[in-house]
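Secondary and tertiary structure notes
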Amino acid sequence: MAQAMRPNTVGGLFATDGKPHPLQDALLAVTLVLGLTSFVSAMFDDLHLLSSWTGLLGIATGAYGQWVSETTRERFGLILGLGAASIGFFLGMAHGGLFGGVVG
């Protein structure tokens, strides 16, 4: 029960070690925004270019964010963003892909 007596010294919202992680926080924010954009736009067939490209970029930034992340909170948010980006990417690919309707 010693952990119940410790003061809360968390420095940031996502940094559980008390140190600032600006790169990791930026990657987390970008991954979440791209994942949410990709997921929402994948629900519309005509927005397959937007959903597939934002999904692909979200997967790339999320993968790099996982590689450089240092805390569990960062990894948790990155996994949420990666999941949304992947679903949006795959649905965008199913609806027409990265270049569908533009070339040809």
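Whatever comes next refers back to the structure up there.
Numbers given for residues are sequential positions, taken from 1 along each chain in its written order. For this predicted model, a pLDDT threshold of at least 70 governs which residues receive local features, and a threshold of 80 or more governs which side-chain atom pairs are given and counted, while totals over whole chains, interfaces and linings are taken from all residues. Working from all heavy atoms in the structure, the side-chain values ignore hydrogens and water.

1. Topic: the overall build of the chain
Each helix and strand counted, the chain has four helices and zero strands in total. Strands are runs of DSSP state E lasting at least 2 residues, helices are runs of H or I lasting at least 4, and numbering of each runs from the N terminus. Along the chain direction, N to C, the helices and strands of the chain fall in the order α-α-α-α. Whether two residues are in contact is decided by their heavy atoms, any of which lying within 4.5 Å being enough. Of the contacts made within the chain by residues no fewer than 6 positions apart, 75% connect residues no fewer than 24 positions apart. The accessible surface values rely on the Shrake-Rupley method and a 1.4 Å probe; as for residues, cover is taken only from the protein chains in view. Carbon and sulfur atoms provide 72% of the accessible area of the chain, an area that totals close to 6500 Å².

2. Structural notes on helix α3 (residues 48-68)
To estimate how far a helix should reach, multiply one less than its number of residues by 1.5 Å. For α3, which comprises 21 residues, the first-to-last C-alpha distance of 30 Å matches the rise-based estimate of 30 Å (1.5 Å per residue) to within 8%. Exposed residues in this analysis have more than 50% of their type's maximum accessible area, buried residues have under 20%, and partly exposed residues fall in between, with area computed by a 1.4 Å probe over protein chains only. For α3, every residue scored as buried is listed here: His48, Ser51, Ser52, Thr54, Gly55, Gly58, Thr61, Gly62, Gly65 and Val68. The inward-facing, buried residues of α3 abut α2 (22-41) and α4 (72-95).

3. Digging into the packing of α2 against α4
Packed helix pairs are characterised by how far apart their axes lie and by the angle those axes make with each other. All axes here are fitted lines through C-alpha atoms, helices being fitted over the stretch that makes contact, and every angle between N-to-C directions spans 0 to 180 degrees. In contact at an axis separation of 7 Å, α2 and α4 are set at 30 degrees when each is read in the N-to-C sense. In terms of their interaxial angle, α2 and α4 are classed as roughly parallel. α2 and α4 meet at a crossing whose hand is left-handed. Side by side, α2 and α4 meet where Gln24, Asp25, Leu27, Leu28, Thr31, Leu32, Gly35, Leu36, Ser38 and Phe39 of the first sit next to Glu74, Gly77, Leu78, Leu80, Gly81, Leu82, Ala84, Ala85, Ile87, Gly88 and Phe89 of the second. Partitioning the contact of α2 with α4 into residue classes produces 12 nonpolar, seven polar and two charged. Working rule for angles: under 35 degrees goes down as roughly parallel, over 145 as roughly antiparallel, 65 to 115 as roughly perpendicular, anything else as oblique. Crossings are sorted by hand: turned counterclockwise from the far helix by less than a right angle, the near helix makes the crossing left-handed, and turned clockwise it makes it right-handed. Charged means Asp, Glu, Lys or Arg here, nonpolar means Ala, Val, Leu, Ile, Met, Phe, Trp, Tyr, Cys or Pro, and polar covers whatever is left, Gly included.

4. Description of the side chain of Ser51
Tracing the sequence through the fold places Ser51 in helix α3. A residue is classified by how much of its surface remains accessible, and Ser51, at 0% relative accessible area, is buried. For Ser51, the contacting residues outside a window of four places in its chain are Ser38, Ser41, Ala42, Gly88, Phe89 and Gly92.

5. Some remarks on the packing of α3 against α4
Two elements in contact, α3 and α4, have axes whose closest approach is 7 Å; the angle formed by their N-to-C orientations is 150 degrees. Between α3 and α4, the angle is such that the two are roughly antiparallel. Of the two possible hands of crossing, α3 and α4 adopt the one that is left-handed. The segment α3 lies against α4, with His48, Ser51, Ser52, Gly55, Leu56, Gly58, Ile59, Gly62, Ala63, Gly65 and Gln66 engaging Arg75, Leu78, Ile79, Leu82, Ala85, Ser86, Gly88, Phe89, Gly92, Met93 and His95. Residues of the contact of α3 with α4, tallied by class, amount to nine nonpolar, 12 polar and one charged.

6. Regarding the environment of Thr71
Positionally, Thr71 belongs in the loop between α3 and α4. In this structure Thr71 comes out as buried when scored by relative accessible area, which is 3%. A sequence separation of 54 residues divides Thr71 from Asp17, and the C-alpha atoms of the two residues are 7.3 Å apart.

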